[in-house]
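In case you want the letters, here they are:
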Amino acid sequence: MMRRISALLLLLVVSGTLYSRSNEMSLLLARLDSVLANSGKYVLEKEERIEELQGKRASALKLEDKLWINKMLYDEYFVYNADSAMVYVNNNIEIANALGRKDKEQEWILHKVFLLAAQGLLNEAEKELLNVDITSLSKENMYQYYDTKIYLYSHLVQFIGNRLELTNSYYNLEKEFKHEAKKYITPDHPSYYSFCAS
């Protein structure tokens, strides 16, 4: 009798949990349907923001202003059009050089490495990474440096296939980079919890 009651209680708990998850899934699917239905609207809004930023960039007189506007354009283009995002990355590297801002130059080289890796241009990303002068990086950029290396080497592991020795070598490098990155990330960093969970 006690077993039947326990089994019944277990069944009620499991079915309640399944119902709750099913309800959550229904809500997520409804949200996804809404996003897909409005995707054209989102694209138009993004294009309007890009057009507005390009207008601001054209009228900007100071290089510092162009640097920040390029950052906003990069953010808009990053997942939308990687080739356009790269234009603003390269332009910010040039602006940083013109301003004598080694810190900003290094930051934008890291953005370039990340973007190249995201596009699958892994050899180019690895070569570009050699241009980073880690002695001139801020604490925040040191984290970005190691995080970018983790991202690049995780892609290299996927690319090399079944070469076990090389795969293990890249995994070990990733572990070293993560250990180093941990020294520079703080709990107030937007990626802190996802970094610690990985």
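A quick note: this is a predicted structure, and the numbers were derived from the prediction, not measured. For every chain, the first residue of the written sequence is number 1, and numbering continues from 1 along that sequence. The model is predicted, so local features are restricted to residues of pLDDT at least 70 and side-chain atom pairs to those at 80 or more, both for listing and for counting; the totals for chains, interfaces and linings are taken over all residues. Calculated side-chain values reflect all of the structure's heavy atoms, with hydrogen atoms and water omitted.

*Asks:* Teacher, can you tell me more about the packing of aromatic side chains here?
*Replies:* A ring pair, where both rings are aromatic, is described by two values, the distance of the centres and the angle of the planes. Geometry of aromatic contacts follows a simple scheme: Phe, Tyr and Trp rings, the Trp one being its six-membered ring, pair when their centres are within 6.5 Å, and the pair is stacked under 30 degrees between planes, edge-to-face over 60, tilted otherwise. For the structure shown, the criterion picks out 13 aromatic pairs. Summarising the aromatic geometry, the rings of F114 and Y151 are spaced 4.1 Å apart at their centres and angled 25° between planes, so their arrangement reads as stacked. You can see F114 sitting in helix α5 (residues 102-118) and its partner Y151 sitting in helix α7 (residues 139-160), a full 37 residues away along the chain. Every member of this aromatic cluster is reached through a ring pair, and the members are Y145, Y146, Y153, Y170, F177 and Y184. Placement of a charge over a ring requires the Lys NZ or Arg CZ to be within 6 Å of the ring centre, with the centre-to-atom vector within 35 degrees of the ring normal. Over the ring of Y80 we find K46, and its NZ or CZ is 5.8 Å from the ring centre. Residue placement shows K178 over the ring face of F195; its charged tip is 5.1 Å from the ring centre. Secondary structure elements are defined from DSSP: runs of H or I of at least 4 residues count as helices, runs of E of at least 2 residues count as strands, and each element is numbered from the N terminus.

*Asks:* Sorry, what's going on with the layout of surface pockets here?
*Replies:* Left-over empty space is what a probe sized like a water molecule reveals as it rolls over the atoms. Cavities and pockets are defined on a 1 Å grid built over the protein atoms alone: a cavity is a set of grid points where a 1.4 Å probe fits but cannot escape, while a pocket is an open set with protein on both sides within 12 Å along at least five of seven lines, and lining residues are those with an atom within 4 Å of any such point. Grid points are joined across faces, edges and corners, and a volume is the space filled by probe spheres set on the points. Empty space within the largest pocket amounts to approximately 420 Å³. In terms of lining residues, the largest pocket is bounded by 19 residues, among which H111, E140, Q144, D147 and H189 are the most central. Elements with a contribution of two residues or more to the lining of the largest pocket: α3 (63-77), α5 and α7. Top element by residues in the lining of the largest pocket is α7. It accounts for six residues. In terms of residue class, the lining of the largest pocket is made up of seven nonpolar, six polar and six charged. Any residue outside Ala, Val, Leu, Ile, Met, Phe, Trp, Tyr, Cys, Pro, Asp, Glu, Lys and Arg is labelled polar, Gly included; the first ten of those are nonpolar and the last four are charged.

*Asks:* Is there a simple way to explain α3 in this structure?
*Replies:* In an α-helix, one turn spans 3.6 residues, which is why side chains three or four residues apart end up on the same side. Taking 1.5 Å of rise per residue, 15 residues should cover 21 Å, and α3 covers 20 Å from first to last C-alpha, within 8% of that figure. The cut-offs for exposure are 20% and 50% of the maximum accessible area for each residue type, with area from a 1.4 Å probe on protein chains only; residues under the lower value are buried, those over the upper are exposed, and the others partly exposed. For α3, the complete set of buried residues consists of L67, I69, N70, L73, Y74, E76 and Y77. In what follows, residue pairs with any heavy atoms lying within 4.5 Å of each other are defined as contacts. At its buried positions, α3 is contacted by α2 (39-59), α4 (82-99) and α5. Under the convention used throughout, the expected extent of a helix is 1.5 Å for every residue step, that is, one less than its residue count.

*Asks:* I keep staring at the packing of α7 against helix α8 (residues 164-182) and nothing clicks. Help me out?
*Replies:* When two helices pack together, their arrangement is given by the angle between the helix axes and the distance between those axes. In this description, a line fitted to the C-alpha atoms serves as the axis of each element, helices being fitted only across the stretch in contact, and the angle between N-to-C directions of two axes falls anywhere from 0 to 180 degrees. For the pair α7 and α8, interaxial distance at closest approach is 9 Å and the crossing angle is 165°. Between α7 and α8, the crossing angle belongs to the class labelled roughly antiparallel. The hand of the α7/α8 crossing is left-handed. Touching Y143, Y146, K149, I150, Y153, S154, L156, V157 and I160 of α7 are L166, T167, Y170, Y171, L173, E174, F177, K178, E180 and A181, all from α8. Residues that form the contact of α7 with α8 fall into these classes: 13 nonpolar, two polar and four charged. Any angle between 65 and 115 degrees counts as roughly perpendicular, while under 35 counts as roughly parallel, over 145 as roughly antiparallel, and the rest as oblique. The handedness criterion is simple: a crossing whose near helix is rotated anticlockwise from the far helix by less than a right angle is left-handed, and one whose near helix is rotated clockwise is right-handed.

*Asks:* How do you make sense of empty space enclosed by the protein when you look at a structure like this?
*Replies:* Tallied over the entire structure, the rule returns one cavity of 30 Å³ or more. In this model, the largest cavity occupies a volume close to 30 Å³. If you trace the largest cavity, you find it lined by L67, W68, K71, N92, K104, E107 and W108.

*Asks:* Would you take a moment to explain the packing of helix α6 (residues 122-129) against α7 for this structure?
*Replies:* Relative orientation of the contacting elements α6 and α7 amounts to 150°, with a least axis distance of 10 Å. Relative to α7, the element α6 is oriented roughly antiparallel. Both α6 and α7 take part in a crossing whose hand is left-handed. Within the contact between the two elements, α6 uses L122, A125, E126 and L129 and α7 uses Y145, K149, L152, Y153, H155, L156 and F159.

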